[in-house]
Amino acid sequence: MRIGFFDSGIGGLSVLRHAMQHVAATEFLYVADSAHAPYGDQPAEWVKDRSLSIARYLERQGVDALVIACNTATALAAGAIREAVNIPVIAMEPAIKPAVAQTRTGRVAVLATATTLASSRYRDLCRRYAAEVELFEYAPHHWVAQIEQGVHLEPGYASALEEELSAIRQQGVDTWVLACTHFPFIRAQLASVVGPAVNIIDPAPAVSAQLARRLPAIARVQDAVRVNLMTSGDLVRVSEQAGRFLGMGLKAEPFS
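Quantities reported herein were computed from a predicted structural model and do not represent experimental measurements.

Novice: Before we go on, may I ask you to explain the packing of helix α7 (residues 141-149) against helix α8 (residues 157-164) in this structure?
Specialist: Axes are the key here: two packed helices are described by the angle between their axes and the distance separating the axes. Closest axis-to-axis distance for the α7/α8 pair is 13 Å, and the angle between their directions is 175°. The orientation of α7 relative to α8 falls into the category roughly antiparallel. Facing α7, whose interface residues are His142, Trp143 and Gln146, α8 presents Tyr157, Leu161 and Glu164. Partitioning the contact of α7 with α8 into residue classes produces 3 nonpolar, 2 polar and 1 charged.

Novice: Explanation requested: the state of the cysteines in the structure shown.
Specialist: Working definition: the covalent bond between the sulfur atoms of two cysteines is a disulfide. Enumeration over the complete set of coordinates arrives at 0 disulfides. A disulfide-free cysteine, Cys70 has its sulfur positioned 6.8 Å from the sulfur of Cys180, the nearest such atom. Judged by its relative accessible area of 5%, Cys70 is buried. You can see Cys126 has no disulfide; the closest cysteine sulfur is in Cys180, sitting 16 Å from it.

Novice: Help me understand the sheet that holds strand β1 (residues 2-7), please; the structure alone is not making it clear to me.
Specialist: Adjacent strands of a sheet form backbone hydrogen bonds with each other and so pair up, either parallel or antiparallel. Spatial ordering of the open sheet is given by β4-β3-β1-β2-β9-β10, a layout of 6 strands whose pairing is parallel. Strands at the two margins of the open sheet, each flanked by one partner only, are β4 (89-91) and β10 (253-254). In this structure, β1 lies alongside strand β3 (residues 65-68), joined through 4 bridges in parallel fashion. Its bridge partner lying in β3, Gly4 is registered against Leu66. Lying over the sheet, helix α3 (residues 71-84) contacts β1, β3 and β4, oriented at roughly 165° with respect to β4.

Novice: What should I look at first to understand the pairing of β3 in this one?
Specialist: Each regular strand shows side chains that alternate between the opposite faces of the sheet. Side chains Ala65 and Val67 of β3 all project onto a buried face; the interleaved residues Leu66 and Ile68 project onto the opposite face, where all are buried too. Here 3 bridges tie β3 to β4, and the two strands are oriented parallel to one another. Its bridge partner being in β4, Ile68 is matched across the sheet by Ala91. Following the chain from β3 across α3 to the adjacent parallel β4, one finds a crossover that is right-handed.

Cut-offs applied
- Residues numbered from 1 in each chain as written.
- Predicted model: local features only at pLDDT ≥ 70, side-chain atom pairs only at ≥ 80, totals over all residues.
- Heavy atoms only, no water.
- Axes fitted to C-alpha atoms, helices over the stretch in contact; angles between N-to-C directions.
- Helix = DSSP H or I, 4+ residues; strand = E, 2+ residues; numbered from the N terminus.
- Parallel < 35°, antiparallel > 145°, perpendicular 65-115°, else oblique.
- Contact = heavy atoms within 4.5 Å.
- Nonpolar A, V, L, I, M, F, W, Y, C, P; charged D, E, K, R; others polar.
- Disulfide = S-S within 2.5 Å.
- Buried < 20%, exposed > 50% of the residue type's maximum accessible area, 1.4 Å probe, protein only.
- Pairing = 2+ DSSP bridges.
- Right-handed = clockwise from strand over helix to strand, strands pointing away.

Below you can see the structure in the form of structure tokens.
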């Protein structure tokens, strides 16, 4: 079984990493469109067209399912992709419902791109599930660029986050939603800032569970798997970042 993933960059590896541990597959194809990250800074129509192009490419590679491992691409292109391809499509969804179920203070922070926060998909989730809680929305697009460039690995990064998030933290928020797939890369730093009593919700487990439900188990999770990594960005940097995050040697191939 082959499963395709794509994201504006390396963020979707946070979903791929979880899928590798829990989804029966023998090969994963991952497209990191790092030359154009973050998608949240790109025009909406461009994101839709680019996402469709990547989805069609992965379908031509013979994947059995496709994961849109990007919240912005999901918000702008999931419907069009589902109409365009003939394979199961699994998309991201901001974890508003589980956040509302877990909060004790009734105050939830949502970290996402501005495009995701403005999308009808996100707003509908808020109307359905978050009427009784207070949401604090923040769109730190610069985090995506920092993660793509490896800045988040530098000493003192957590201190910068602490200063940046201080205003939200002072509001009594006890549940933080990571609604951008890049943000689990800095989950450890975020946890050190918000403290151990606070919930941080990563959507990767829910996405992997949905993917597993949509696919027949023709391979065992324990079987050796292969990851084919492609990127429109810097081959060396993406290879190193992906290999470090997934714990395996990888060599990215160019993608245009």
